[in-house]
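An overview of the molecular structure
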Amino acid sequence: MFLTLHLFFYFYSSKSFTNSSPPLHISETSFLSIFLSSAVGILASILLFFVSGDVLYACCRSLYNENLLNKTVEKGTQPKIDISNDEFVSRPQVVERIKEILQPHKNHSYYHLICGEHGTGKTTLARIASSEVGCGVIYVDIPADLSGLDKAFGKAINFASEKISITGQWLRKIKSDDTPKISECAKALKTFRHASEVYKAKHDKPMVIVYDNVSYLVHKNPKILDILQDDAKHSADDRKYIAVFVCSEGSVPQRMESRSAWSRAKTPVMEIGDLSKEESMEYLIKKRKIKEVDVKKLFDLVGGRIIELKTVADDFLKGQEFEVVKKQVLNKVEKTFRSAELLPNGLYYEVGKSIIGDLLNSNNKSNELSFLDFNKYFDKTEKLNEVLGSNIFSYHPEKNVVTFQSQSVKCYVHENADIFSVPGSHIKIIEVN
Ligand SMILES: Nc1ncnc2c1ncn2[C@@H]1O[C@H](COP(=O)(O)OP(=O)(O)O)[C@@H](O)[C@H]1O
Ligand SMILES: [Mg+2]
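Residues numbered from 1 in each chain as written. Chains lettered and ligands numbered in written order. Predicted model: local features only at pLDDT ≥ 70, side-chain atom pairs only at ≥ 80, totals over all residues.

Of the consecutive residues Thr267 and Pro268, the connecting peptide bond is found in the cis state with omega at -5°. With phi around 55°, Asp204 is a residue other than glycine that occupies positive phi space. Position of Asp204 among the secondary structure elements: in the loop between α7 (178-203) and β3 (207-212). Judged by the 9 C-beta atoms lying within 10 Å of it, Asp204 is exposed. (Helix = DSSP H or I, 4+ residues; strand = E, 2+ residues; numbered from the N terminus. Buried ≥ 20, exposed ≤ 12 C-beta atoms within 10 Å, placed from the backbone.)

So this is what it looks like as structure tokens:
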């Protein structure tokens, strides 16, 4: 700043004292112009000082964070696991499978997708596996509100503060809503790439980045998902880092599969499903201390979907009658049917009825439809996506089939067999002895 001021005055005085001779009387107007020029000069210097200081601050911060990132990668993100041991049902086989994905060998050249319906326990298991592997695993929890995406990236590498300069933050605020998220994401990827080079040079194997809850991206900003997928492909090609996408909805694998970057995805994709019957029993009887006679009814209602088992167990243990618990579960499913337009007078009622009929056909023992058979009911992809995205049916990329989304959906259809014109006897309710 002082240099600028000095230069300004030097320039000004040399100009006034060399060009005007003799400079004995300074008129009022020239005094005013000197004053104005000085003020402008001072302001410009202050601005210059502020901006250069800010840029310097951003550079230092960036270097500091890079150093921090390298340190974090060494021990991994170690995400928090929000479940106590007395409620947790261990699923060692699933955790082992995820851990295998999180420990790629040096020439691994694929990225991964882990799918499963909402509430099957993906986040819990991905966090457990990430923490157990530790070294070289960065876990990014994509937030439901994408305005917190930069913080999510920051948290993954254990720094919470903004990585860009203060001026940058101001500019970002006045820009449109989407641009900053995309630029934040590009910046985070650049940092990750750099860290992965450092990690690879030291450990001779690629580091791993887990993106959990990517379903939020497909709805709110699919472009970011595309950017992450493209980068995952390039990084897999260059054996820099291995990306693992964890998602809850069929629309994610469908979008990812339709892009050329899919060529580097590991197939078949891994799917995390419901708890088995034994695991569900362990949860309800041993962990939640519910009597066996009641357990059977609860399991028939919601199957092994852990999030639903937890809800019905909570309600039941609060003293609610089973019939009340059941009504609540079925009411919730009915609302989903309504918003999916699958009830009478709904846009997709007739199509839905045919699909339900096919799923429950007595020859269809597994209650599955091949994706092609499901697809034949729709003349437009958008319609198919809409029905598939409405949480009544579920697409399983590993087997490429469509099923009911959950046992509670199946139960609702059973209870309302007349609406869907399906004979009640065709509906299989899981039997628990
Ligand atoms: N193995 C498990 N044992 C007991 N509770 C679990 C287990 N896995 C998940 N949960 C609980 O079920 C709920 C949903 O789990 P979460 O991991 O968030 O599922 P998802 O990521 O598939 O939506 C959470 O409340 C979680 O604590
Ligand atoms: Mg989750």
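Below, the discussion takes up the UniProt feature "transmembrane region" (unreviewed entry) in the protein chain. Annotation from UniProt places "transmembrane region" (unreviewed entry) at residues 32-51. This span, residues 32-51, is 100% helix and 0% strand, and a straight line between its end C-alpha atoms measures 28 Å. (UniProt positions renumbered as here; feature names shortened; annotations may be inferred.)

Glancing now at the site of ligand 1. Near ligand 1, the surroundings consist of 17 residues, among which Val89, Gly121, Lys122, Thr123 and Thr124 are the closest. Mapped onto the shell around ligand 1, the elements with two or more residues apiece are α4 (122-133) and α13 (306-317). Taken together, the residues of the shell around ligand 1 sort by class into 5 nonpolar, 8 polar and 4 charged. Counting only domains with at least three residues in the shell around ligand 1, you end up with domain 2 (78-157 + 164-271) and domain 3 (277-426). (Near = placed C-beta within 6 Å. Nonpolar A, V, L, I, M, F, W, Y, C, P; charged D, E, K, R; others polar. Domains from an automatic or database assignment.)

With respect to topology, 5 strands assemble into an open sheet ordered β2-β3-β4-β1-β5, the strand pairing being parallel. In the strand order of this sheet, the two ends are held by β2 (137-141) and β5 (270-271), each with one partner. The sheet contact formed by β3 and strand β4 (residues 241-247) spans 5 bridges and is parallel. Paired with Met207 across the strands is Tyr241, a residue of β4. (Pairing = 2+ DSSP bridges.)

It is worth spelling out the pairing of strand β1 (residues 112-115) at this point. Residue alternation in β1 divides its side chains into two sets, His112 and Ile114 and Leu113 and Cys115, and both sets are buried. Here β1 runs beside β4; their pairing, made up of 4 bridges, is parallel. The residue bridging Leu113 from the neighbouring strand is Phe245, located in β4. Here 2 bridges tie β1 to β5, and the two strands are oriented parallel to one another.

On to the confidence of the model for the protein chain. Summing up the model confidence of the protein chain, the mean pLDDT is 86 and the portion of residues at 70 or higher is 86%. Here residues 14-21 scores under 50 on pLDDT; set against residues more than four positions off or in separate chains, the count is 2 contacts. Low pLDDT, under 50, characterises residues 425-433; the stretch is placed with 18 contacts to residues that sit more than four places away or in other chains. (pLDDT = per-residue confidence, 0-100. Contact = placed C-beta atoms within 7 Å.)

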